[in-house]
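Next come the chains, spelled out residue by residue.
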Amino acid sequence: MWFCITAQDRPDSLEQRLAARGAHLDRLNALQDAGRLLLAGPFPAIESENPGPAGFTGSLIVAEFPSQADAQRWADADPYVAAGVYADVSIKPFRKTLP
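To keep things clear, this report deals only with the structure shown in the data block. (Residues numbered from 1 in each chain as written. Predicted model: local features only at pLDDT ≥ 70, side-chain atom pairs only at ≥ 80, totals over all residues. Heavy atoms only, no water.)

1. A word on the overall build of the protein
Regarding its fold elements, the protein presents three helices and four strands. N-terminal to C-terminal, the α/β element order of the protein is β-α-β-β-α-α-β. For 99 residues, the compact-globule estimate of 2.2 N^0.38 gives 13 Å, and the protein sits close to it at 13 Å. Across its three principal directions, the C-alpha atoms of the protein cover 35 × 30 × 25 Å. Looking at the protein as a whole, 30% of its 99 residues are labelled buried. A separation of at least 24 residues holds for 75% of the contacts in the protein among residues at least 6 apart in sequence. About 6100 Å² of surface is accessible on the protein, with carbon and sulfur atoms providing 54% of the total. (Helix = DSSP H or I, 4+ residues; strand = E, 2+ residues; numbered from the N terminus. Rg over C-alpha atoms; globule rule 2.2 N^0.38 Å. Buried < 20%, exposed > 50% of the residue type's maximum accessible area, 1.4 Å probe, protein only. Contact = heavy atoms within 4.5 Å. Areas by Shrake-Rupley, 256 points an atom, 1.4 Å probe, with all protein chains shown as cover.)

2. Concerning a nonpolar patch on the surface
On the surface, Leu 38, Leu 39 and Phe 94 cluster together into a nonpolar patch covering about 220 Å² of accessible area. As for its position among the elements, Leu 38 is in strand β2 (residues 37-44). (Patch = residues over 30% accessible without salt bridge, like charges linked within 9 Å, V, L, I, M, F, W, Y side chains within 5 Å. Salt bridge = Lys/Arg side-chain N within 4 Å of Asp/Glu carboxyl O.)

3. Considerations on unusual backbone geometry
Apart from glycine, the bulk of residues carry a negative phi angle, and the bulk of peptide bonds sit in the trans form. For the bond from Leu 98 to Pro 99, the omega torsion is -20°, close enough to zero to count as cis. Along the chain, the position of Pro 99 falls in the segment after β4 (86-94). One non-glycine residue with positive phi stands out, namely Asp 12, at about 55°. In this structure, Asp 12 sits in the loop between β1 (2-9) and α1 (14-33).

Pasting the structure below:
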């Protein structure tokens, strides 16, 4: 089943986010290579593709996992969690309807 992983960044965490980005993207690329990633990306803090020092407010990942517990374990192991980027992570089942 698809799961929506929504994370909120801690204030002033841009430096930690940038430092952990490579490892974070490696995990997302592994999901994509396995055909289990629907979409992923950050929430810019301002209306800009590249918000510069304004940074980001969080992330959204929609990916396929066997269960919500598996999605939670995957999210808990994210490099952004270990680096202290995320203040909160929520996981909900998601049913893709369109397109």
